[in-house]
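Descriptive structure summary
Now for the letters of each chain:
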Amino acid sequence: MPEAERRRHRLAVLRVIVVAELVVALLTGAGVVYAYQHVDHKISAGEPIHHHARKPPPTSAMNILVMGTDSRSCDGCGIDKEAGEGGSDTTILLHIAEGRRSAYGISIARDTLVDRPECRNGDTVVPGADDVIWNQAFALGGPECTVEQVEAVTGVYIDSYITVNFGGFKDMVDALKGVEVCIPQPIDDTVAHIHFDAGTQTLDGDRALQYVRERHSTANSDLGRMKRQQAFIASMIAKVKSTGTLTRPDRLYRFASSLADSIQTSPDIASAGKLVQLAASLRHADLQHIKFVTAPTTDFPVGDPNWGRLQLTPDAKVLWRKVRHDQPLGAFGKGAVSAKNPHGDKQSAAENGLCA
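Residues numbered from 1 in each chain as written. Predicted model: local features only at pLDDT ≥ 70, side-chain atom pairs only at ≥ 80, totals over all residues. Heavy atoms only, no water.

Scanning the model with the defined rule gives three aromatic pairs in all. Ring centres 5.5 Å apart and planes at 45 degrees place the aromatic pair F169 and F232 in the tilted group. Residue F169 is found in helix α3 (residues 166-175), and its partner F232 is found in helix α5 (residues 221-242); the two are separated by 63 residues along the sequence. F232 sits in the buried class, given a relative accessible area of 1%. Aromatic pair F196 and Y211: ring centres 6.0 Å apart, planes at 85 degrees, arrangement edge-to-face. Here Y211 lies in helix α4 (residues 205-213) and F196 lies in strand β12 (residues 194-196), a separation of 15 residues in the sequence. With relative accessibility at 3%, the residue Y211 sits in the buried group. Linked through ring pairs, F169, F196, Y211 and F232 together constitute an aromatic cluster. Above the face of the F196 ring, R207 is positioned so that its terminal group lies 3.9 Å from the ring centre. (Phe/Tyr/Trp six-rings, centres within 6.5 Å; stacked < 30°, edge-to-face > 60°. Helix = DSSP H or I, 4+ residues; strand = E, 2+ residues; numbered from the N terminus. Buried < 20%, exposed > 50% of the residue type's maximum accessible area, 1.4 Å probe, protein only. Lys NZ or Arg CZ within 6 Å of the ring centre and 35° of its normal.)

One pass over the structure, following the stated rule, counts three salt bridges. For the salt bridge of D206 with K170, the shortest nitrogen-to-oxygen distance reads 3.0 Å. Residue D206 is found in helix α4, and its partner K170 is found in helix α3; the two are separated by 36 residues along the sequence. Of the residues examined, D206 reaches a relative accessible area of 41% and is grouped as partly exposed. Since its relative accessible area comes to 9%, K170 is described here as buried. Put simply, E214 and R228 hold a salt bridge, and the shortest N to O gap is 3.3 Å. One end of the pair, E214, is in the loop between α4 and α5; the other, R228, is in helix α5, and 14 residues separate them in sequence. We note that E214, like R228, is buried. (Salt bridge = Lys/Arg side-chain N within 4 Å of Asp/Glu carboxyl O.)

As used in these notes, a disulfide is a covalent bond between sulfur atoms, one from each of two cysteines. Scanning the entire structure with this criterion turns up two disulfides. Two residues, C119 and C145, share a disulfide whose sulfurs are 2.0 Å apart. Disulfide C119-C145: torsion about the S-S bond near 95 degrees, hence right-handed. You can see C119 sitting in strand β6 (residues 119-121) and its partner C145 sitting in helix α2 (residues 136-154), a full 26 residues away along the chain. Each of the two residues, C119 as well as C145, counts as buried. (Disulfide = S-S within 2.5 Å.)

This paragraph deals with the environment of Q277. Turning to its location among the elements, Q277 is positioned in helix α7 (residues 272-280). Since its relative accessible area comes to 58%, Q277 is described here as exposed. Q277 sits 31 residues away from L246 along the chain, and the two C-alpha atoms are 9.4 Å apart.

Time to look at the layout of surface pockets. Estimated volume of the second largest pocket: approximately 400 Å³. Considering the residues around the second largest pocket, the lining is formed by 18 residues, among which K55, P56, P57, N63 and R324 are closest to the centre. Taken together, the residues of the lining of the second largest pocket sort by class into eight nonpolar, five polar and five charged. (1 Å grid on protein atoms, 1.4 Å probe; cavity = no way out; pocket = protein on both sides within 12 Å on 5 of 7 lines; lining within 4 Å. Points joined across faces, edges and corners; volume = space filled by probe spheres on them. Nonpolar A, V, L, I, M, F, W, Y, C, P; charged D, E, K, R; others polar.)

Below, the discussion takes up the nonpolar core. Formed by 43 residues in total, the largest nonpolar core has its most connected members in F169, Y211, F232 and M236. If near-sequence neighbours (up to four positions away) are discounted, M236 is found in contact with F169, M172, V173, L176 and V179. (Core = buried A, V, L, I, M, F, W, Y, C linked by side-chain atoms within 4.5 Å. Contact = heavy atoms within 4.5 Å.)

It is worth spelling out unusual backbone geometry at this point. Glycine aside, negative phi is the norm for most residues, and most peptide bonds take the trans geometry. In the Ramachandran plot, R100 falls in the positive-phi region, its phi being about 60 degrees despite a non-glycine side chain. The topology assignment puts R100 in the loop between β3 (88-96) and β4 (103-107). Accessibility expressed as a relative area gives 18% for R100, which makes it buried. Phi is positive for D326, which is not a glycine, with a value near 55 degrees. Summarising the element assignment, D326 is placed in the loop between α8 (314-324) and β18 (337-338).

What follows is about the confidence of the model for the protein. When the pLDDT values of the protein are averaged, the result is 82; 80% of them are 70 or greater. Of the regions scoring below 50 in pLDDT, residues 16-35 engages in one contact with residues more than four places distant in sequence or in other chains. (pLDDT = per-residue confidence, 0-100.)

Below, the structure is given as structure tokens:
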């Protein structure tokens, strides 16, 4: 074949390849757009936030309130044989630092007594009240009233919120093909009929829900359960990072799709694209810099009318100040659960039924 003809042949082949790649790119792009639109229709947008706290100067730092509802309406969610009261079973104030290289979550115990501000749920005004348990705000006014409560109690401006029910939690775990946990001693909860062998094991969605909901195997009940929830979420984050989910749009889509039917968000992030963008922005965060702590509380003394409930300590004000000023945890992070070390230090692990 003459050289000129070979050159024309190569150019023709090159054109075919380029056109083919363009067609694939267009079809893939259209498919991704269609897929995200499909997920968007499933995500429920909640009420906009009526802010009590002052908005900080513009930076890339964010505060997101993550709530888990105690509704048992989803298939297989009545694992503890309880009815649920429509409250917030889990509340985590997630602070994402400037630059998106670190983050920390602060769990707030549901039995903490606070002064709840007047709030709005749509056209309904929910009256405020003093010395009421934390999760009552959700039961009376939904996630938006819990956000207003957070801002009033802490002074922290909340940018967005996400609410996940038990079904969404299970689907999220199953989308990751299970999450590994280490259980130091066998769990034999005869009240909720939850049983686990000791040792390291990978839990599917159903078993994971049992693990994070179980609260009768540790002496400190709900606080112990919060620590197990933190450890599980930390392990889940490590799994997401290790499998490259945050750098793969297809995997991020599957992860978002698994949650879509089971979440409600503030209107500003009520789309698959925005949720994926938010998750992807943390892809460079180091696992040891993603930590979880608990808001400082203490018991009311025996004989006090509020005995059996919890009260925030003065240290809580110091912690809220750190969030407001986008500061690291400092001493609050000592021995904390992290995505690199989901069990924290030996002392906290032993106290909360985690592996040391």
